[in-house]
Amino acid sequence: MSRALAAAEIISPAFSPPLLMASRAVRTAVRAAERPIVRIDVRRWVWRMRFRAERLRFFAGIDANDTRCLNISVLPMSIARASAIMIVTLVGSRVLGWLRLSVIGAHFGETPELDAFWAAFKIPDAIFGLVVAGALASAFIPVFTSYLAREREDEAWHVAASVMNAVLILLVGFSIVMWIAAPYVVPTFVAPFHDPQQIALTVDLTRIMLLSPIFMGLSSLTTGILNSYRQFLSSATAPLVYNLVIILFTQFGYPFLGIHAVAIGVVVGALVMWLVQLPELTFRRTRYSFSLDLSHSGVRDVLRLAGPRTLALGAVQIVFFVDTYLAVGMPEGSLTALVYANQLLLLPLGVFSIAISAAVFPTLSHYASLGQVGRMRDTVQQAIRWILFLTLPTAIVMIVLRRPIVNLLFQYGSFGPEARELTQAAFLFYSLGLAGHALVQILARVYFASRDTQTPLALTLISIGLNVVLSVSLAPFLGINGLALANSIATLVEAALLFILLASRARLRLVGLGVSTLKQISASLLMGVAMFGFINVTNLPFDLIKDPPKLTLLLQTILAAAVGGLVYLAAAYLLRIGELQEIVAVVRARLMRNRG
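Keep in mind the model is a prediction, meaning the values are calculated, not measured. (Residues numbered from 1 in each chain as written. Predicted model: local features only at pLDDT ≥ 70, side-chain atom pairs only at ≥ 80, totals over all residues. Heavy atoms only, no water.)

Draft legend 1. How the structure looks around the overall build of the protein. When you go through the protein residue by residue, the secondary structure sums to 22 helices and zero strands. Within the protein, buried positions represent 53% of all 596 residues. Sequence-distant contacts in the protein: of pairs separated by 6 or more residues, those separated by 24 or more amount to 83%. Surface accessibility of the protein: about 26,900 Å² in total, with carbon and sulfur atoms responsible for 68%. (Helix = DSSP H or I, 4+ residues; strand = E, 2+ residues; numbered from the N terminus. Buried < 20%, exposed > 50% of the residue type's maximum accessible area, 1.4 Å probe, protein only. Contact = heavy atoms within 4.5 Å. Areas by Shrake-Rupley, 256 points an atom, 1.4 Å probe, with all protein chains shown as cover.)

Laid out in structure tokens, this is it:
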């Protein structure tokens, strides 16, 4: 009896109310067992409580021997719950992203103004990618999380404030320089349009949108801080607001401002994207100061780790500028079609891989800071399996249903059949690299969590060099399709190299991953055959080969996707794919719990 009570006392301080109540239940059961009338197997209750405690520790990312984590008042959000929140909010964000592109395309279509807008968007996006994205993804979150894991929160905030102030100064400086240099940089490196008015419009739009990387940088660093605390809700909803603001400005400002309304919407959307995260940051954990302590070891770690990643992202911008430069020289509307096809690729990529990777990254950084290599390996393998389980069938859906998808999403107003055909063809070649893009998201973060930014940099440079060579070689023969194909091939090569080097370092279980991947590929191919057959069978009696009514096309697309999904699930069940079995187990547990 004394051991049972001791076990209950050990468990209860470690966790919040559910287990505290459970420990009280154990003590009550012990006292009842001491009475001669009621007999209860106390040992079974104690071991059940211990099992639940260990399970909560695991899903919360707390090591069993890590006593420093026992005094936290709120358990960190589990990976599964964080991924679910990220996926749900990103689905909403991608829906609004589609609506944003659809509204913009309906108003402008294949016009020189829209080509000028997308060309102007490249410079602010490049500034944000160079200054913020590298520091956030590869350096800031691992360093900030390491201080939190060691219970040095004040020092963590000192580092965060110094990094945020330094990034803000850099963003303002870069934006001012590019505002001055825009008339010279745009026609030379970004958009060599033949029409002087189109060049002037591109310069004007560039200058307007140079405010957006400042607000986007503040928003991203705020997101990094919240994610380090395993708080994902407000940061995940921020992109929803961003897309919504752009939609509203485009829809209601178009009659008065034209294409300038979209550019202003980008700036205001970036500002609101940052503002919606401030309440959670301000009222919960903010310890911001106006410090700029560049000599602090944590700040130096961020700068040291961010350097290679920033260089890699700067090299990635070369691909964007090369593709833009080549697409501008192609028939009118080619650049718009390429951008729309790439944005379509980002829809599933953001929903699945980016969501899972962002949710897993703080946990990986936590394990790395405590030296828990085994748990890092298990987390990485689970993330890889889940990403492939979701992205492989999605890629098949994108390939088979690409034409109706583009038709339903974008073919409105000025966006006509010619633009649809250009977009769907480029979308096909982008879809081939979806799995590669998804794997790069998670594999690169494993290196970042281990504070290794050199290896991803080297492999990214190899991928970029291959991408540029293939783009220049394929563009004269395939047009924008060649640019999309070059991107897919280079990304698949980068993912393969990242995985090969990580496999030996992390001692991944290659046999298990290989068998799981083959099963997922087989199920996905069966799904594609089923959807292709359904589309061809229904095209004949209903004459859907040409441009059918939107409602009829929507019904056919939904049914085709449903048929493919059912075939995929059936094949996954027959092939005993582990991810489906996990889903079934969770559903059964929930049903049994509800019955109980």
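Let's pick the thread back up.
Draft legend 2. Helix H8 (residues 212–228), seen in detail. For H8, built from 17 residues, the straight-helix expectation of 24 Å at 1.5 Å per residue is met to within 8% by its first-to-last C-alpha distance of 24 Å. Burial within H8 is extensive, with 17 of its 17 residues counted as buried. (Expected span 1.5 Å × (residues − 1).)

Draft legend 3. Examining the packing of aromatic side chains more closely. Scanning the entire structure with this criterion turns up nine aromatic pairs. Judged by centre distance (5.3 Å) and plane angle (90 degrees), the ring pair of Phe108 and Tyr254 falls under edge-to-face. Taken as a pair, Phe108 in helix H4 (residues 79–108) and Tyr254 in helix H9 (residues 233–257) lie far apart in primary sequence, 146 residues in all. What makes Tyr254 partly exposed here is its relative accessible area of 31%. When the ring of Trp386 is compared with that of Phe389, the centres are 5.7 Å apart and the planes differ by 85 degrees; the resulting orientation is edge-to-face. Taken together, the residues span about one helical turn, with Trp386 and Phe389 both in helix H14 (residues 373–400) at a distance of three residues. For the pair Trp386 and Phe389, a shared accessibility class is recorded, and that class is buried. Taken together, Phe117, Trp118, Phe121, Tyr340 and Phe410 form an aromatic cluster joined through their ring pairs. (Phe/Tyr/Trp six-rings, centres within 6.5 Å; stacked < 30°, edge-to-face > 60°.)

Draft legend 4. Seen up close, a nonpolar patch on the surface. A cluster of nonpolar residues, Leu168, Val172, Ile176, Trp179 and Ile180, forms a patch on the protein surface that exposes about 450 Å² of accessible area. Within the secondary structure layout, Ile176 lies in helix H6 (residues 153–190). Exposure remark for Ile176: the relative accessible area of 49% places this residue in the partly exposed category. (Patch = residues over 30% accessible without salt bridge, like charges linked within 9 Å, V, L, I, M, F, W, Y side chains within 5 Å. Salt bridge = Lys/Arg side-chain N within 4 Å of Asp/Glu carboxyl O.)

Draft legend 5. Representation of the side chain of Lys122 in the model. When you line up the elements, Lys122 lands in helix H5 (residues 112–149). As a buried residue without a salt bridge, Lys122 has its nearest oppositely charged side chain in Asp125, at a separation of 6.1 Å. Contact partners of Lys122, with chain neighbours within four places excluded, come to Val190, Phe320, Phe321 and Thr324. (Lys, Arg positive; Asp, Glu negative; His and termini not counted.)

Draft legend 6. Broad picture of the nonpolar core. Residues Phe117, Phe144 and Ile225 are the most contacted members of the largest nonpolar core, which totals 140 residues. With 18 residues, H5 is the largest single contributor of residues to this core. Excluding anything up to four places from it in sequence, Ile225 contacts Phe140, Phe144, Trp157, Ala160, Met164 and Leu281. (Core = buried A, V, L, I, M, F, W, Y, C linked by side-chain atoms within 4.5 Å.)

Draft legend 7. Expanded view of the pattern of salt bridges. Under the criterion given, the structure shown has three salt bridges. Between Glu421 and Arg403 there is a salt bridge; the shortest N-O distance is 3.3 Å. Taken together, the positions of Glu421 in helix H16 (residues 417–431) and Arg403 in helix H15 (residues 402–410) put the pair 18 residues apart, joining distant regions of the chain. Here Arg420 ties to Glu421 by a salt bridge, and the two come within 2.8 Å at their closest N and O atoms.

Draft legend 8. Structural context of the environment of Val400. Relative to the helices and strands, Val400 resides in helix H14. For the pair formed by Val400 and Phe532, sequence separation is 132 residues and the distance between their alpha carbons is 6.4 Å. Setting aside its immediate chain neighbours within four residues, Val400 contacts Gly528, Met531 and Phe532.

Draft legend 9. Unusual backbone geometry, seen in detail. The phi angle at Arg576 is positive, at roughly 60 degrees, despite the residue not being glycine. As for its position among the elements, Arg576 is in the loop between helix H21 (550–574) and helix H22 (578–595). In this structure Arg576 comes out as exposed when scored by relative accessible area, which is 60%.

Draft legend 10. Inspection of H15 at higher detail. For H15, the tally of buried residues reaches seven of nine residues, placing the bulk of the element in the interior. Buried within H15 are the following residues: Pro404, Ile405, Val406, Asn407, Leu408, Leu409 and Phe410.

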